[in-house]
Amino acid sequence: MLNVEYDWIAPSDIEAAYKIEVDGYPSDEAASLEAFKYRQSEAGDLFLGAYLPGPPRVLIGYVCATLSPSPTLTHITMSTHVPSTSSVCVHSVCVAPEHRRKGVASNLLTTYIAKLKERGQYARVLLITKEEMRGFYEKAGFEWMGISGVVHGKDKWHEMRIVFDNYQDTAAATTAPSDVPKTAEEAIALGTGTSTSEQETQMRANLWDALQRSTKRVRPTPKLFDAYEGGLNDLLGSHEGKERIPVNRFDILCPRTGCGSFILRKGVAEYVRRASVKMDPPQLPPQTLLAALPDPSEDTDWWLIKPTPMQFENIGFSKPVQGVTQGGNGRPLKLIACAECDLGPLGWSEEGGQEFWVACRRVGYRAE
């Protein structure tokens, strides 16, 4: 058996971890280098590496995760980190190809779970996996919860969990009013309901209050489309490898003042002028914080992101919405919203599609 050391991954080892990720997953499932940097910077105490002793030490595998208040996994819980919450959401367990089938992954995962449980501050560990890997995780103590609603790549995913018996919730239960959502699952239910206008307004306010309490980080102030004197021209830039295609010049943020959630990195989206889409679900009242879009018979400005939602830094998707379509093909749309405050729709994608469209006028920009 290999002599392996376990240690929390430092920023200097992120590129080595990312190479293992790229070698271990299909291109439509592998996370980006930016996502790895985010996970290490925001949740470095959940990013454990397996090393061959040195000098120099060699990274041969890792486990990485972020935190969520939700007892189950969703697109939102898999794309955000909410500090001081109780669910550990595992993104990846990966070992370099040349060191597989040597017990590295199982020992790494066992060590990781033991370190988390020892802290006594987590209620559960959650992950999604493919059918052929269920046995591996069951041997490590995970129980199968069913087919996951998370769509990532082309295959179905299974949700699994470990519940810790030494967790004691010493905080949240007495600090939040009863009408405020306490989990991401509750927040999603509130944000996508079909309530009356008055109820919807109150739900959005309660959701926003809950999310504001969940983090103390300094949030950027988004600059809206209409604040740019040059209009669209001020927002277009070029990027290495896309010199002839106009792309987003600035990072794209949630347009809500006080949120400013980081949605998309600059240079990732292509600019396209195309037909408008009537995105707002007819059963919900209009979202007054967002710019109105023209009728579908007219063109408007869009950011096109492809080929997978992994290009986003932080985003939420609705279930397919009946009655909301584009192009006359009858295929329902999945609506795009801010993953943190649930403001939307900011854009759309067709169910099962590989193109993701964000309205230029419905997002904010990080001013430089």
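What comes next is a walk through the structure. Along each chain, the written sequence defines residue order, and numbers are assigned to residues from 1. With the structure being a predicted model, the display of local features is reserved for residues of pLDDT at least 70 and the display and counting of side-chain atom pairs for 80 or more, all residues being used for whole-chain, interface and lining totals. Where side-chain values are given, they derive from all heavy atoms of the structure, hydrogens and water being excluded.

## Digging into the nonpolar core
Only buried Ala, Val, Leu, Ile, Met, Phe, Trp, Tyr and Cys residues count toward a nonpolar core, and they belong to the same one when joined by side-chain atoms within 4.5 Å. Per-residue accessibility, obtained with a 1.4 Å probe over protein chains only, is compared with the maximum for each type, and a residue is labelled buried under 20%, exposed over 50%, and partly exposed between these values. Residues Ile263, Trp303, Ile305, Phe312 and Tyr365 are the most contacted members of the largest nonpolar core, which totals 28 residues. Grouped together as the second largest cluster of nonpolar side chains are 27 residues, Leu48, Ile60, Ile113 and Phe142 included.

## Let's talk about the sheet that holds strand 3 (residues 58-68)
Strand pairing is assigned whenever DSSP detects at least two bridges linking the two strands. Secondary structure elements are taken from DSSP: a helix is a run of H or I of four residues or more, a strand is a run of E of two residues or more, and numbering for both begins at the N terminus. Read across the sheet, seven strands follow the order 1-2-3-4-5-7-6 without closing on themselves; strand pairing throughout is mixed. The two strands at the open ends of the sheet, each matched to only one other strand, are strand 1 (5-8) and strand 6 (143-147). Averaged over all neighbouring strand pairs, the angle between strand axes comes to 25 degrees, with direction disregarded. Relative to strand 3, strand 2 (residues 48-52) is paired through five bridges, and the arrangement is antiparallel. Counted as the bridge partner of glycine 49 is tyrosine 62 from strand 3. Contacts between residues were defined by any pair of non-hydrogen atoms, one from each residue, lying within 4.5 Å. Lines fitted to C-alpha atoms define the axes, with helix axes restricted to the stretch in contact, and inter-axis angles between N-to-C directions lie between 0 and 180 degrees. The sheet strands contacting helix 1 (residues 14-24) are strand 3 and strand 4 (87-95), and the helix crosses strand 3 at an angle near 90 degrees. The sheet strands contacting helix 2 (residues 33-43) are strand 3 and strand 4, and the helix crosses strand 3 at an angle near 70 degrees.

## Some points on the state of the cysteines
In protein structure, a disulfide is the covalent linkage between the sulfur atoms of two cysteines. Cysteine sulfur atoms that come within 2.5 Å of each other are treated as a disulfide pair. The final tally for this structure, using the stated rule, is zero disulfides. There is no disulfide at cysteine 64, and the cysteine sulfur nearest it, in cysteine 94, is 9.3 Å away.

## A look at unusual backbone geometry
Cis geometry marks the peptide bond from proline 55 to proline 56, where omega comes out at -15 degrees. On the secondary structure map, proline 56 appears in the loop between strand 2 and strand 3. Of note, the amide linkage connecting glycine 344 to proline 345 takes the cis form, showing an omega dihedral of 0 degrees. Located in the positive-phi region is serine 84, a residue other than glycine, with phi close to 65 degrees. Inspection of the secondary structure puts serine 84 in the loop between strand 3 and strand 4. Even without a glycine there, the phi angle at arginine 101 is positive, about 60 degrees. With respect to the secondary-structure elements, arginine 101 resides in the loop between strand 4 and helix 3 (104-119). Among the residues examined, arginine 101 registers a relative accessible area of 89% and is labelled exposed.

## Structural notes on the sheet that holds strand 11 (residues 252-253)
Backbone-to-backbone hydrogen bonds pair the strands of a sheet. The strands run either parallel or antiparallel. The strand order across the open sheet formed by four strands is 8-19-11-12, and the pairing between neighbours is antiparallel. Strands at the two margins of the open sheet, each flanked by one partner only, are strand 8 (223-224) and strand 12 (262-264). The sheet contact formed by strand 11 and strand 12 spans two bridges and is antiparallel. In the sheet register, leucine 253 faces strand 12, and the bridge partner there is phenylalanine 262.

## What about the pattern of salt bridges?
The working definition used for a salt bridge is a side-chain nitrogen of Lys or Arg within 4 Å of a carboxyl oxygen of Asp or Glu. Applying the stated criterion to the full structure yields 13 salt bridges. With a closest N to O distance of 3.8 Å, arginine 57 and glutamate 5 form a salt bridge. Here the residue arginine 57 occupies a position in the loop between strand 2 and strand 3, and glutamate 5 occupies one in strand 1, the gap between them amounting to 52 residues. Overall, glutamate 5 belongs to the partly exposed group, its relative accessible area being 32%. Of the charged contacts in the structure, one is a salt bridge between glutamate 131 and arginine 134, with a shortest N-O distance of 3.8 Å. Overall, the relative accessible area of 45% leaves glutamate 131 in the partly exposed class. Among the ionic contacts, a cluster of salt bridges with common partners joins Glu5, Asp7 and Arg57.

## As for the packing of aromatic side chains
Aromatic ring pairs are reported here in terms of the distance separating the ring centres and the angle at which the planes meet. Ring pairs are drawn from Phe, Tyr and Trp, using the six-membered ring of Trp, whenever the two centres fall within 6.5 Å, and their geometry is named by plane angle: stacked under 30 degrees, edge-to-face over 60, tilted for the rest. Applying the stated criterion across every chain yields a total of 16 aromatic pairs. Seen from their ring centres, phenylalanine 36 and phenylalanine 47 are 5.7 Å apart, and the 70 degrees between their planes marks the pair as edge-to-face. Placement of the pair is phenylalanine 36 in helix 2 and phenylalanine 47 in the loop between helix 2 and strand 2, with a sequence separation of eleven residues. The same class applies to phenylalanine 36 and to phenylalanine 47, which are both buried. For the pair tyrosine 137 and phenylalanine 142, a centre-to-centre distance of 5.8 Å together with 85 degrees between the ring planes defines the contact as edge-to-face. When its relative accessible area of 4% is taken as the criterion, phenylalanine 142 is described as buried. Each member of the aromatic cluster is reached from another via a ring pair, and the members are Tyr228, Phe250, Tyr271, Trp303 and Tyr365. Cation over ring: arginine 366 sits above phenylalanine 262, and NZ or CZ is 5.1 Å from the ring centre. Criterion for a charge above a ring: Arg CZ or Lys NZ at most 6 Å from the ring centre, at most 35 degrees from the ring normal.

## Topic: the side chain of aspartate 251
Note that aspartate 251 resides in the loop between strand 10 (247-248) and strand 11. Each polar contact in these results corresponds to two N or O atoms within 3.5 Å; when the atoms are within protein, one needs to be able to donate a hydrogen and the other to accept it, and residues that are neighboring in sequence are counted only if both atoms are side-chain atoms. At 2.8 Å, the side chain of aspartate 251 and the backbone nitrogen of lysine 266 are in polar contact. Of note is the side chain of aspartate 251, whose polar atom sits 2.9 Å from the side chain of arginine 366. Setting aside residues no more than four positions away along its own chain, aspartate 251 makes contact with Phe262, Leu264, Arg265, Lys266, Gly364, Tyr365 and Arg366.

## Remarks on the packing of helix 1 against helix 2
Two elements in contact, helix 1 and helix 2, have axes separated by 10 Å at closest approach and are oriented at 130 degrees. Put simply, helix 1 runs oblique to helix 2. For the pair helix 1 and helix 2, the sense of crossing is right-handed. Along the contact surface, helix 1 presents Ile14, Glu15, Ala17, Tyr18 and Glu21, while helix 2 presents Leu33, Phe36, Lys37 and Gln40. Residue composition of the contact of helix 1 with helix 2, by class: five nonpolar, one polar and three charged. By definition in this entry, angles of less than 35 degrees are roughly parallel, angles greater than 145 are roughly antiparallel, angles of 65 to 115 are roughly perpendicular, and the rest are oblique. Definitions for this section: a left-handed crossing has its near helix turned counterclockwise from the far helix by less than a right angle. A right-handed crossing has that turn clockwise. In this classification, Asp, Glu, Lys and Arg are treated as charged, Ala, Val, Leu, Ile, Met, Phe, Trp, Tyr, Cys and Pro as nonpolar, and every other residue, Gly included, as polar.

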